[in-house]
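# Coordinate inspection notes
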Amino acid sequence: MKIVVCMKQVPDTTQVKIDPQTNTLVREGVQSIINPFDVYAIEEGVRLRERFGGTVTVVTMGPPQAENALREAITVGADEAVLVSDRAFAGSDTLATGYILAMAIKKIGDVDIIICGKQASDGDTAQVGPGIATQLDLPQVTYVNKIEDIKDGHAVMHRMTEEGYEIVQTSMPCLITVVKEINEPRLPSLKGKMKAKSAPIKAMKAIDMDVDESRLGLTGSPTWVSKIFTPPSRPKGEIFEGEADACADKLVSTLKDHLKG
Amino acid sequence: MLDYLLTDDQKMIRDLCRQITDEKIRPVSAKYDETQEFPWDVVKVMAESDICGLYIDQQYGGMGGGIMELVIATEEFSKGCGGIALAFAATALGTLPIMLFGNEDQKKKYLPDIASGKKIAAFGITEPAAGSDASAMQTTAVLKGDHYVLNGMKHFITNGGDAETYVVIAMTDKTKGARGASAFILEKGMKGFEFGKKEDKLGIRASSTRELIFTDCKVPKENLLAKEGMGFIVTMKTFDKSRPGIGAQAVGIAQGSLDAAIEYSRQRHQFGKSISSFQGIQFMLADMATQIESARALVYGVARMIDSGAKDYSKYSAMCKLCASEMAMKVTTDAVQIFGGYGYIKEYPVEKYMRDAKITQIYEGTSQIQKNVIGLALIKEALKK
């Protein structure tokens, strides 16, 4: 089985700061990590290989330093890595990104299953996975929390919904997006880390793929951002100062007044 | 930490073991300390991360590292829990005799499963009446045809009952004293090989300590390690290589307690200031950090000497174990002192570090036995001059 996992390098959201002047993310000095949901996608890809055999190829679109994220995927079991990177891709929105990744996957060829995290922690759109499936004209199952079985060209999986789960059967090849309930990602192995150090990372540029240039980067992106702003923070709560007992009395009486109020 | 000029691979091992410690050991260390259950879930993680075979030759499925790699991993795990670290480090103690003295068949049979983490190992020499004086051992092995028959018991055996592979020392000829001891490889499940009570210990409670009981236990002749009469040499050569591991365990435990003490001293406010602003506390932290770094430097130095192929290092091996374990007891006691009353209760982590540290002064030779080894070596050297 040929498994492709799409992943994204994102800023570590626990460290994100917003520039108050420009209202944009401060990326300098912020550590990059693999998008947390993609970690589950990589793990599921590796587990599928362990169950059914085959290879796991991780693919990312991003700047050259996204190579680090690909190497990290190799430490936890990915076999091959492809970095889709070109100046022409800069400024791509979800539509253009879905298109470019779809074309890259087409180039990889003969893929049985594409796995994506349900969304990225920076943009939170959850659009790229479904976008790839649409571009490739493949069936898609989103929010998968369990792959029951894959055989005879079909896959049966559980799809998480707010009320419970749906059991879905789909023909293969297909694209799925996974939620974090699907597995518990493993830690890297020493052999994986050693392999990752020297593993070749395949670079894919626009000229390596069969792409329509008008659909790349800013030109290919109908989305435009009119304004980014920080929503006003909640008004500060009241702070009582002084002896603990007195503060507690004050707190209780204030709460009582509120309830009456 | 001082720059010890580790190789890239050694740094990789350290980082991976640190990740295992932070993500898989720290969250469960209090639980296993309380329940005294064996931390199989952590062993599984170590196995999947290729750590179990770190120091075992590649041809037997290991990673081909040496004592230095063993030391790096043991130290990192011990920062989180000195007990859980033993599932790994005491397995090394049971594996080293096979690596050092096993023949090709024995190595092929036993090392791959240990390297893959499928099985853990243990070493058995101590008996109720034979502790520091191992020559007082009562367990016997008598050759009958194609097998030896073992009778007697061992106690205080780390990983006892949970390990699958054991190296056990027994007397094949009592009349020869220390030269009448031999080493055998035993497997859990052999007829006549049973386990006695599990000890309820002060520290390293995540590690199992049990009695091994032999009642007409038939051990195939091919499970004899080295030759008859080599039992004590096997033991001494094994301890020479394993003692830096105890040193590393002690360094890790001490570092864990110092890290906790520094963090606490910055949060704890008294007299309107954080206690870390007081020179009295700063001096304690400074002493602790300096003592840890000195011990670490000695442990690493000895590990590297062993890996370089040196022949005579038992004196240094004893020194690093002595130095690190005495240091760990002192540093962890000071960590409890910095925490004050909070250090004395189980809600905070430092009393456990102190309990775990104590064993490092006792097992694989007490501090006093280490001094014997060092002292005798000094006299021997002087006589040679």
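Residues numbered from 1 in each chain as written. Chains lettered and ligands numbered in written order. Predicted model: local features only at pLDDT ≥ 70, side-chain atom pairs only at ≥ 80, totals over all residues. Heavy atoms only, no water.

In this section: the domain arrangement of chain B. A common measure of how large an interface is: the accessible area buried when the components associate. Residue and element names in this part refer to chain B. What the domain assignment lists for chain B is domain 1 (8-120), domain 2 (122-231) and domain 3 (232-384). When each unit is reduced to the centre of its C-alpha atoms, the spacing between domain 1 and domain 3 is 20 Å. Summing both sides of the interface, domain 1 and domain 3 together bury roughly 2200 Å²; the carbon and sulfur share of this comes to 67%. In terms of surface lost to domain 3, no three residues of domain 1 exceed I67, M68 and E75, which account for 26% of the buried area on that side. For the pair domain 1 and domain 3, the number of links is two salt bridges. Across the pair R355 and D33 runs a salt bridge whose closest N-O atoms are separated by 2.8 Å. For the interface between domain 1 and domain 3, the tally reads seven residue pairs in polar contact (both at pLDDT 80 or more). Residue assignment for the side of domain 1 that touches domain 3 shows that the elements contributing at least two residues are α1 (8-35), α3 (67-80) and α4 (84-101). Here the element with the most residues in the side of domain 1 that touches domain 3 is α3; it accounts for nine residues. (Domains from an automatic or database assignment. Buried area = accessible area lost by both parts, 1.4 Å probe. Salt bridge = Lys/Arg side-chain N within 4 Å of Asp/Glu carboxyl O. Polar contact = N/O pair within 3.5 Å; in protein donor to acceptor, adjacent residues only side chain to side chain. Helix = DSSP H or I, 4+ residues; strand = E, 2+ residues; numbered from the N terminus.)

As a further point, take the interface of chain A and chain B. Facing 10 residues of chain A, the contacting portion of chain B comprises 18 residues. Roughly 1200 Å² is buried in total at the junction of chain A and chain B, and carbon and sulfur atoms are behind 67% of that figure. When the area that chain A buries against chain B is broken down by residue, the three leading residues are L187, L190 and K193 of chain A, summing to 51%. Applying the counting criterion to the chain A and chain B interface returns two salt bridges. With its nearest N and O atoms 2.9 Å apart, the salt bridge here joins E184 of chain A to K24 of chain B. Taken together, the connections running from chain A to chain B amount to seven residue pairs in polar contact (both at pLDDT 80 or more). Looking at the side of chain A that touches chain B, its residues break down into four nonpolar, two polar and four charged. (Contact = heavy atoms within 4.5 Å. Nonpolar A, V, L, I, M, F, W, Y, C, P; charged D, E, K, R; others polar.)

It is worth spelling out the pattern of salt bridges at this point. Pairing between side chains of opposite charge can happen when their charged atoms approach one another. Summed over all chains, the structure comprises 32 salt bridges over all chains. In this structure, R71 of chain A engages E67 of chain A in a salt bridge whose closest nitrogen and oxygen atoms are separated by 2.8 Å. In this pair, R71 of chain A and E67 of chain A are both assigned in helix α2 (residues 67-75), four residues apart and thus about one turn of the helix distant. In this structure, the salt-bridge partner of D9 of chain B is K197 of chain A, at a minimum N-O distance of 3.1 Å. Taken together, the positions of D9 of chain B in helix α1 and K197 of chain A in helix α5 (residues 190-198) put the pair across two chains.

Per-residue pLDDT for chain B has a mean of 97; in total, 100% of the residues score no lower than 70. Among the prediction metrics, the complex's ipTM stands at 0.85, with pTM recorded as 0.88. (pLDDT = per-residue confidence, 0-100.)

Let us now look at the environment of G94 of chain B. Residue and element names in this part refer to chain B. Its location among the elements puts G94 in helix α4. In sequence terms G94 and I114 are 20 residues apart; their C-alpha atoms lie 9.9 Å from each other. Setting aside residues up to four positions removed in sequence, G94 forms contacts with A121, A122, F123 and V167.

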